[in-house]
Amino acid sequence: NYQAGGAMTNAFLQALADNPMPLYPDFLAALHRNLNRKGHRQRPQLSSTQRFDLRDRVFHVTEGFVPNHNTTFGVPPGARRTKPVRRRKRRSGGMGLEGMMAAGMGVGILSAFMR
């Protein structure tokens, strides 16, 4: 059962439970299918700072990390931003670095149980 506010999370977990070692295109297709079945219109997207071939790479939550091989970090010198950077004030109760790290550890633990 999908709960309010957790449609993408539930679709993500279901896709990994159905196929623990999917290729990236298969994983995204499973996410989309799981969301559509429940009537959600969200479009799953993944991004990476490193280039790799999606067609033959297995999606894995906790393995396959590589060091950054980019020659430039951030916006390249002389590049124009499409939107101005908006600084947001941190609200109390928001998810800070500690919350994100805890969430990442939780995903790692869940993926260990799915093996």
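Since we're looking at a predicted model, the values are computed, not measured.

K.L.:
It is not clear to me how the environment of Arg 51 should be interpreted in this structure. Could you clarify?
P.N.:
Assignment of secondary structure puts Arg 51 in the loop between helix H2 (24-37) and helix H3 (97-113). Taking the C-alpha atoms as reference, Arg 51 lies 9.2 Å from His 69; in sequence the two are 18 residues apart.

K.L.:
Is there a simple way to think about the pattern of salt bridges in this case?
P.N.:
Side-chain pairs of opposite charge can arise where the charged atoms are in close proximity. What the rule picks out here adds up to one salt bridge. Notably, a salt bridge pairs Asp 53 with Arg 55, separated by 2.9 Å at the nearest N-O pair. Residue Asp 53 is classed as partly exposed on the basis of its relative accessible area, which comes to 33%. Judged by its relative accessible area of 64%, Arg 55 falls in the exposed class.

K.L.:
Would you take a moment to explain the confidence of the model for the protein for this structure?
P.N.:
Taken residue by residue, the protein gives an average pLDDT of 77. The fraction at 70 or more is 70%. For the protein, the element scoring lowest by mean pLDDT is H3, at 68; H2 scores highest, at 92.

K.L.:
What is the right way to read the environment of Gly 104 from this model?
P.N.:
Looking at the element boundaries, Gly 104 is found in helix H3. Residue class for Gly 104 comes out partly exposed when judged on its relative accessible area of 43%. As for Gly 104 and Val 61, which are separated by 43 residues in sequence, their C-alpha atoms are 9.0 Å apart.

K.L.:
How should the packing of aromatic side chains be read in this particular structure?
P.N.:
Describing an aromatic ring pair means giving the distance of the ring centres and the angle of the ring planes. Within the structure shown, the criterion is met by four aromatic pairs. Here Phe 12 and Phe 27 contribute two aromatic rings whose centre-to-centre distance is 5.2 Å and whose plane-to-plane angle is 90°, an arrangement assigned as edge-to-face. Residue Phe 12 is located in helix H1 (residues 7-18), and its partner Phe 27 is located in helix H2; the two are separated by 15 residues in the primary sequence. Judged by relative accessible area, which is 1%, Phe 27 ranks as buried. For the ring pair Phe 27 and Phe 59, a centre distance of 4.1 Å and an interplane angle of 10° mean the geometry is stacked. One end of the pair, Phe 27, is in helix H2; the other, Phe 59, is in the loop between H2 and H3, with 32 residues separating them in the sequence.

K.L.:
Help me understand the side chain of His 60, please; the structure alone is not making it clear to me.
P.N.:
With respect to the helices and strands, the residue His 60 is situated in the loop between H2 and H3. Within the structure, His 60 has its side chain in polar contact with the backbone nitrogen of Thr 62 (distance 3.2 Å). There is a polar contact of 3.2 Å between the side chain of His 60 and the backbone nitrogen of Glu 63.

K.L.:
Quick question: what am I supposed to make of H1 here?
P.N.:
Three- or four-residue spacings in an α-helix give side chains the same orientation, since the helix completes a turn every 3.6 residues. The terminal C-alpha atoms of H1, which comprises 12 residues, lie 16 Å apart, in line with the 16 Å expected from a rise of 1.5 Å per residue. Considered for burial, the residues of H1 that qualify are Ala 7, Ala 11, Ala 15 and Leu 16. Seen from one end, H1 has its buried residues packed into an arc of 160°, which puts them on one side. Buried-residue contacts for H1 involve H2.

K.L.:
Hey, could you run me through the layout of surface pockets in this one?
P.N.:
Where empty space is left can be seen by rolling a probe of water-molecule size over the atoms. Quantified by volume, the largest pocket comes out at close to 660 Å³. Here the residues of the lining of the largest pocket are counted per class, giving 11 nonpolar, five polar and two charged. The volume enclosed by the second largest pocket comes to roughly 170 Å³. Around the second largest pocket sit Met 8, Thr 9, Phe 12, Leu 13, Leu 31, Pro 44, Gln 45, Leu 46 and Val 107, which together line it. With four residues, H1 is the single largest residue contributor to the lining of the second largest pocket. Its residues assigned to classes, the lining of the second largest pocket comprises seven nonpolar, two polar and no charged.

What counts, and where the lines are drawn
- Residues numbered from 1 in each chain as written.
- Predicted model: local features only at pLDDT ≥ 70, side-chain atom pairs only at ≥ 80, totals over all residues.
- Heavy atoms only, no water.
- Helix = DSSP H or I, 4+ residues; strand = E, 2+ residues; numbered from the N terminus.
- Salt bridge = Lys/Arg side-chain N within 4 Å of Asp/Glu carboxyl O.
- Buried < 20%, exposed > 50% of the residue type's maximum accessible area, 1.4 Å probe, protein only.
- pLDDT = per-residue confidence, 0-100.
- Phe/Tyr/Trp six-rings, centres within 6.5 Å; stacked < 30°, edge-to-face > 60°.
- Polar contact = N/O pair within 3.5 Å; in protein donor to acceptor, adjacent residues only side chain to side chain.
- Expected span 1.5 Å × (residues − 1).
- Arc of directions from axis to C-beta.
- Contact = heavy atoms within 4.5 Å.
- 1 Å grid on protein atoms, 1.4 Å probe; cavity = no way out; pocket = protein on both sides within 12 Å on 5 of 7 lines; lining within 4 Å.
- Points joined across faces, edges and corners; volume = space filled by probe spheres on them.
- Nonpolar A, V, L, I, M, F, W, Y, C, P; charged D, E, K, R; others polar.

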